[in-house]
Amino acid sequence: MYNSYLEYSDWSIIEKDFRKDNHMSSESIFSLGNGIFGQRGNFEEDYSGNKLDGNYVGGIYYPDKTKVGWWKIGYPNYFAKLVNCPSWIRLSIHINDEILDLNKVKKVNSFNKELNMKEGVLRRSFEVELNNGEIISVESERFISLKINEVGLLRYSISCLNSDCNITIKSFIDDEVSNVDSNWNENFLNTEEVLQNNDSTFIKSNVLKTDFKICSFSKSRIILDQENIPFDSNEKTDHLLKYNIKKNQSLTIEKIGGYVSNFTCKTDLYEKSKQIINRGSELGYDNLFEYQKKLWSDIWEKSNIEISGDLKSQQGIRFNIFQLNQTYMGQNPDMNVGPKGFTGEKYGGGTYWDTEAYCFPFYLATKNTEVARNLLIYRYNQLDKALLNAKKLGFNHGAALYPMATVNGEECHNEWEITFEEIHRNISIVMAINKYIDYTGDYTYMTTMGIEILVAIARFWAQRVSFSKKHNKYVILGVTGPNEYENNVNNNWYTNYGASWCLSYTLKNLKIIKERDLSKYESFSFDEKELELWKNIINNIYLPYSKKYKLYMQDDGFEDKELVHVDKIPKSERPLNQNWSWDRILRSPYIKQGDVIQGLYFFENDFSPEFIDNHFRFYEKYTVHESSLSASIHSVIASHINQIDKSYNYFLRSSRLDLDDYNNEVEQGLHITSMAGSWIALVEGFGGLKIDKNNISINPKIPKNWDRLKFNIFYKNQILKFEINSESIYVSGTNSNKIIIKNLSDKKLKYV
């Protein structure tokens with residue numbers, strides 16, 4: 001346990017006793033979003049301490065010019081980065097001419113901050129003594145609306161506790177914002193025009209070097225004794241009020257604000273913003289909050305997980321589910337999941353292979369089918385860019401290499417060992433299509449879109465392999481596998497095995513397509529030599545094997561390394577990437593995240609339990625888990641080979657990675673995509689749930705400190721509810737279509 005300043009609670013994240021050192025971490029942890037836009041958990045009033053004010057709108061990015069020391073052919077021209085937008089929540093408050101700023105007050109008497117995950121609302125209350133002697137109490141509440149996707153709402157009440165006082169309130173939109181993650185310290189956003197009336201502000205902005213337009217808006221009202229008080233004046237982006245309030249009298253500010261962009265709106269943004277403000281005002285704060293509670297209740301009905309007997313795990317998994325839903329709800333097939341979501345700027349906000357490898361199973365099992373389908377449509381819509389990306393690297397004949405990082409289909413990553421070599425990303429996209437077809441039975445996606453992706457990726461693998469006369473096999477040279485602590489290796493086992501599997505899966509589906517839609521099949525203009533080559537590669541792919549260890553090696557050179565177990569590394573030298581030279585890391589056997597283990601998870605059905613057990617035990621000894629994606633997959637495999645205590649420790653790390661700040665970097669933003677891994681670890685690992693076409697099997701193995709595990713999935717248009725204890729498995733559905741489940745455990749299965 002690394003970070004203990006947060007309280008344990010089943011439905012809330014709670015911070016008490018304000019500490020400046022924790023502020024930026026809390027800004028990340030208390031973030032809000034609705035899948036369309038989001039914001040960090042910033043204070044509404046002034047704060048002069050360390051902070052990262054962050055408001056981000058999905059789909060809007062700035063092309064930050066690539067910054068490298070040695071340009072290589074194939075590098076992208078820019079890294080697309082989410083744009084930090086004007087902050088609509090801002091208030092500036094003076095009490096008897098002293099600014100309210102928790103970094104400067106004389107004393108914080110009490111402080112409580114709560115993220116209520118059940119309702120999707122952030123609350124904060126505090127009492128402070130100012131340097132002028134005034135004692136002030138504040139209560140604030142805000143949420144990002146699920147009813148109206150473009151808006152958030154704020155209610156902020158302030159009282160003077162020891163005397164009457166003169167209060168000055170400035171309600172405004174702060175457009176003096178910038179991105180901290182900028183290669184060249186450039187501004188990403190330009191204010192074009194500010195428009196105001198008596199209670200509303202509209203700021204029209206454009207994203208530099210792009211055609212993106214944004215209209216930020218807010219409407220404020222001030223309430224005292226249930227009566228509205230008009231503002232004294234308004235100028236620039238401000239609405240100003242000066243007022244004398246009595247002792248213990250409460251003054252309340254309500255704001256409705258948000259963003260409209262031309263990414264989703266094709267009409268006049270200013271007019272659309274006015275319509276949205278009017279709609280929000282007509283519904284009102286209280287009604288919109290009731291909608292908020294109802295819509296979050298609907299989300300939890302499909303995705304809730306209940307763990308009895310372990311509050312740490314309970315809080316961790318609910319926090320992860322909550323943030324996954326805040327990041328992506330599937331409303332728009334042109335949007336995807338960024339590693340940090342809307343909680344920070346690291347990684348630029350682009351989509352990585354993490355989406356298909358980790359997030360896709362979560363959205364597939366907890367949302368309507370259209371949500372997972374939209375994630376796949378996103379990749380289909382960007383197939384032309386994947387073809388172009390492969391062409392830049394010298395491939396042809398319809399070969400596609402999907403980007404390592406992207407917001408629009410173009411490659412954004414500019415490290416050669418990643419951009420050119422981490423080509424295994426193609427595998428996870430094919431795997432996601434496979435999971436979708438198996439889970440939903442929706443073969444129309446395959447016939448209309450999926451098969452085109454499969455063929456393009458197969459053509460990439462067919463050209464990327466080389467034939468080795470030495471091995472009399474097909475090899476794949478110069479790659480980086482999931483373990484990014486090895487670069488430019490030959491014959492990464494996961495990549496080679498995955499490439500062969502992609503070819504096999506494509507041929508299997510081409511056979512079906514040929515029978516169902518001959519014209520579609522013929523559109524690929526195959527000749528027999530091409531398909532025969534694919535079959536030859538499948539049958540003759542080289543997989544590095546050690547006769548000494550009787551195991552597959554991670555790559556050709558792995559066995560040549562000094563195989564010293566990870567527990568021999570002094571703690572003072574961890575993490576390696578902050579203490580060792582890159583040269584030393586590359587020469588070491590240490591694994592950043594599961595590599596062969598990732599393959600054991602993806603292709604588990606292909607191997608015996610003994611095979612999986614032997615490989616897991618070997619590679620675990622060299623894995624340092626210095627990627628946020630590592631612990632969850634190790635937890636899944638450990639549970640499947642009956643190492644439940646070990647699986648639990650990995651799960652706890654995965655589920656509380658950000659809450660306990662294992663990597664000491666949560667202030668930069670949350671690890672959204674790895675959060676999905678903790679869901680996989682729980683449902684597929686401890687829950688033992690497996691769905692393969694029309695067959696559902698379950699083989700649960702819950703940790704000894706859990707009394708009961710309950711989880712829900714959405715399957716075949718109904719919610720399936722599972723309850724597992726030490727003796728029994730209870731299954732119920734929300735409609736009359738009974739689902740037959742194969743029980744592989746020694747527990748009694750009961751339908752209720």
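Analysis parameters
- Residues numbered from 1 in each chain as written.
- Predicted model: local features only at pLDDT ≥ 70, side-chain atom pairs only at ≥ 80, totals over all residues.
- Heavy atoms only, no water.
- Helix = DSSP H or I, 4+ residues; strand = E, 2+ residues; numbered from the N terminus.
- Rg over C-alpha atoms; globule rule 2.2 N^0.38 Å.
- Buried < 20%, exposed > 50% of the residue type's maximum accessible area, 1.4 Å probe, protein only.
- Areas by Shrake-Rupley, 256 points an atom, 1.4 Å probe, with all protein chains shown as cover.
- Lys, Arg positive; Asp, Glu negative; His and termini not counted.
- Charge placed at Lys NZ, Arg CZ, Asp CG, Glu CD.
- Bend = angle between axes of the 7 residues up to and from the residue.
- Pairing = 2+ DSSP bridges.
- Polar contact = N/O pair within 3.5 Å; in protein donor to acceptor, adjacent residues only side chain to side chain.
- Contact = heavy atoms within 4.5 Å.

Asker: With reference to specific residues and values, describe the overall build of the protein.
Answerer: Across its full length, the protein holds 19 helices and 32 strands. Relative to a compact globule of 752 residues, whose C-alpha radius of gyration would be 27 Å, the protein shows 27 Å and is just as compact. For the protein, with 752 residues in total, the buried portion stands at 63%. For the protein, the computed accessible surface area is about 29,300 Å², with 44% contributed by carbon and sulfur atoms. Between the averaged position of the 90 positive side-chain charges in the protein and that of its 98 negative side-chain charges there is a distance of 5 Å.

Asker: So, helix α9 (residues 443-464): which residues are in play, and what are the values?
Answerer: A maximum bend of about 55° is found in α9 at Gly-450. Across the 22 residues that make up α9, a large majority, 18, are buried.

Asker: Now, about the pairing of strand β19 (residues 238-245): what can you tell me, with residues and values included?
Answerer: Consecutive residues of a regular strand have side chains that alternate between opposite faces of the sheet. Bridge count for strand β13 (residues 165-172) against β19 is 8 bridges, and the pairing is antiparallel. Across the sheet, residue Thr-168 finds its bridge partner in β19, namely Lys-242. In terms of strand pairing, strand β18 (residues 233-235) meets β19 through 3 bridges, oriented antiparallel. What sits directly across from Ser-233, in β19, is Leu-240.

Asker: Please give an account of the sheet that holds strand β3 (residues 32-33) that cites residues and values.
Answerer: The 4 strands are arranged β3-β4-β5-β6 in an open sheet whose pairing can be described as antiparallel. Since the sheet does not close on itself, it has two edges, and those belong to β3 and β6 (78-84), each with one partner. Judged from the 3 bridges that link them, strand β4 (residues 37-39) and strand β5 (residues 55-65) form a sheet pairing that is antiparallel. In the sheet register, Gln-39 faces β5, and the bridge partner there is Asn-55.

Asker: Describe the side chain of Ser-157, with residues and values.
Answerer: Tracing the sequence through the fold places Ser-157 in strand β12 (residues 151-160). The exposure class of Ser-157 is buried, given its relative accessible area of 17%. Within the local environment of Ser-157, its side chain forms a polar contact with the side chain of Thr-252, the two groups lying 2.7 Å apart. The contact partners of Ser-157, leaving out residues within four places of it in the chain, are Ser-137, Val-138, Glu-139, Ser-250, Leu-251 and Thr-252.

Asker: Describe the sheet that holds β18, listing the residues and the values that go with them.
Answerer: Strand pairing in a sheet relies on backbone hydrogen bonds, with the paired strands running either antiparallel or parallel. The 5 strands are arranged β8-β7-β13-β19-β18 in an open sheet whose pairing can be described as antiparallel. On the outer flanks of this sheet lie β8 (98-99) and β18, each paired with one strand and no other. As paired elements, strand β7 (residues 91-95) and β13 share 5 bridges and run antiparallel to each other. Counterpart to His-94 in the pairing with β13 is Thr-168.

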